[in-house]
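Listed here are the chains, written in short residue letters.
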Amino acid sequence: EAQVTQNPRYLITVTGKKLTVTCSQNMNHEYMSWYRQDPGLGLRQIYYSMNVEVTDKGDVPEGYKVSRKEKRNFPLILESPSPNQTSLYFCASKASRIQSGELFFGEGSRLTVL
Amino acid sequence: QQQVKQSPQSLIVQKGGISIINCAYENTAFDYFPWYQQFPGKGPALLIAIRPDVSEKKEGRFTISFNKSAKQFSLHIMDSQPGDSATYFCAASMSGNQFYFGTGTSLTVIP
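Let me begin by describing the structure that accompanies this report. The structure displayed is predicted, hence computed values, not measured ones.

## Description of the sheet that holds strand β7 (residues 65–66) of chain A
Moving on, step 1. With antiparallel pairing, the 4 strands of this open sheet are ordered in space as β1-β3-β8-β7 (chain A). Only two strands of the sheet have a single neighbouring strand rather than two, namely β1 (4–7) and β7 of chain A.

Now the structure itself:
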């Protein structure tokens, strides 16, 4: 089954404790991206990657890091989480060769930072 | 600032009625305008999309109307059904890499 898998789905942590949210896709997609969803603000793009070792900032990259060492994986790293990073996070992928291709989203990771 | 403005924030429609959600943008570099549907506890899923060289696209009960000169586009859901109750997001993209989403519309279709 074609899917984007995120882990963990739920996480409660404390300010300053480094955490990583993993994202993996099995569709051989070149493009992957991360979003955060907040009430009243919709989805906002954090980072995107057009291929292995190629990443770029989205609209709200502050406080986040990413890496793309393998095609299938695109982890989101919060080096020192703060309460304003409490949010619902989504990873998505698409085939790069199709410029207007469909984004396939994971089921989300709900993060709470105390 | 919000690159894509979406309204209304919420919408209640009777079964069989027409649901209309509107979006507006400013950046003329946007070249792809998708709509995503999201059910509670799930990730968004592509519903329908349009490119700016087309004024209308229809897929089943869902239609996008696109007005390039006004920099506006809208989603029309004909014969709305309770199963259409979800949150809808419009979006705009440039070059298929950067995506900007609207703030979402929560649609409730009353039986």
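## Things to note about the interface of chain A and chain B
Moving on, step 1. Across the contact, 22 residues belong to chain A and 21 residues belong to chain B.
Moving on, step 2. A combined buried area of about 1,900 Å² lies between chain A and chain B, and 52% of that area is made up of carbon and sulfur atoms.
Moving on, step 3. Applying the counting criterion to the chain A and chain B interface returns 1 salt bridge.
Moving on, step 4. A salt bridge links K42 of chain B to E107 of chain A; the nearest nitrogen and oxygen atoms lie 3.1 Å apart.
Moving on, step 5. Elements with a contribution of two residues or more to the side of chain A that touches chain B: β4 (31–38), β5 (42–51) and β9 (87–94) of chain A.

## Side note on the side chain of D38 of chain A
All names here are of chain A.
Moving on, step 1. Among the secondary structure elements, D38 is positioned in strand β4.
Moving on, step 2. Residue D38 is classed as buried on the basis of its relative accessible area of 11%.
Moving on, step 3. Within the structure, D38 has its side chain in polar contact with the side chain of S87 (distance 2.8 Å).

## Thoughts on the packing of aromatic side chains
Moving on, step 1. Within the structure shown, the criterion is met by 19 aromatic pairs over all chains.
Moving on, step 2. Each ring, one from F105 of chain A and one from Y36 of chain B, has its centre 5.6 Å from the other, and the planes form 80°; the classification is edge-to-face. You can see F105 of chain A sitting in strand β10 (residues 104–105) and its partner Y36 of chain B sitting in strand β4 (residues 33–38), one on each of two chains.
Moving on, step 3. What makes F105 of chain A buried here is its relative accessible area of 12%.

## Considerations on unusual backbone geometry
The phi torsion of most residues other than glycine is negative, and most of the peptide bonds are trans.
Moving on, step 1. Going from N7 of chain A to P8 of chain A, the amide bond is cis rather than trans, its omega being -5°.
Moving on, step 2. Within the secondary structure, P8 of chain A sits in the loop between β1 and β2 (10–13).
Moving on, step 3. The omega torsion across S7 of chain B and P8 of chain B is -5°, close enough to zero to call that bond cis.
Moving on, step 4. Looking at the element boundaries, P8 of chain B is found in the loop between β1 (4–7) and β2 (10–14).
Moving on, step 5. Located in the positive-phi region is N28 of chain A, a residue other than glycine, with phi close to 60°.
Moving on, step 6. Phi angles above zero are rare outside glycine, and D79 of chain B is one such case at about 45°.
Moving on, step 7. With respect to the helices and strands, the residue D79 of chain B is situated in the loop between β8 (72–77) and β9 (86–94).
Moving on, step 8. The class of D79 of chain B is partly exposed, set by a relative accessible area of 40%.

The rules we used
- Residues numbered from 1 in each chain as written.
- Chains lettered and ligands numbered in written order.
- Predicted model: local features only at pLDDT ≥ 70, side-chain atom pairs only at ≥ 80, totals over all residues.
- Heavy atoms only, no water.
- Pairing = 2+ DSSP bridges.
- Helix = DSSP H or I, 4+ residues; strand = E, 2+ residues; numbered from the N terminus.
- Contact = heavy atoms within 4.5 Å.
- Buried area = accessible area lost by both parts, 1.4 Å probe.
- Salt bridge = Lys/Arg side-chain N within 4 Å of Asp/Glu carboxyl O.
- Buried < 20%, exposed > 50% of the residue type's maximum accessible area, 1.4 Å probe, protein only.
- Polar contact = N/O pair within 3.5 Å; in protein donor to acceptor, adjacent residues only side chain to side chain.
- Phe/Tyr/Trp six-rings, centres within 6.5 Å; stacked < 30°, edge-to-face > 60°.

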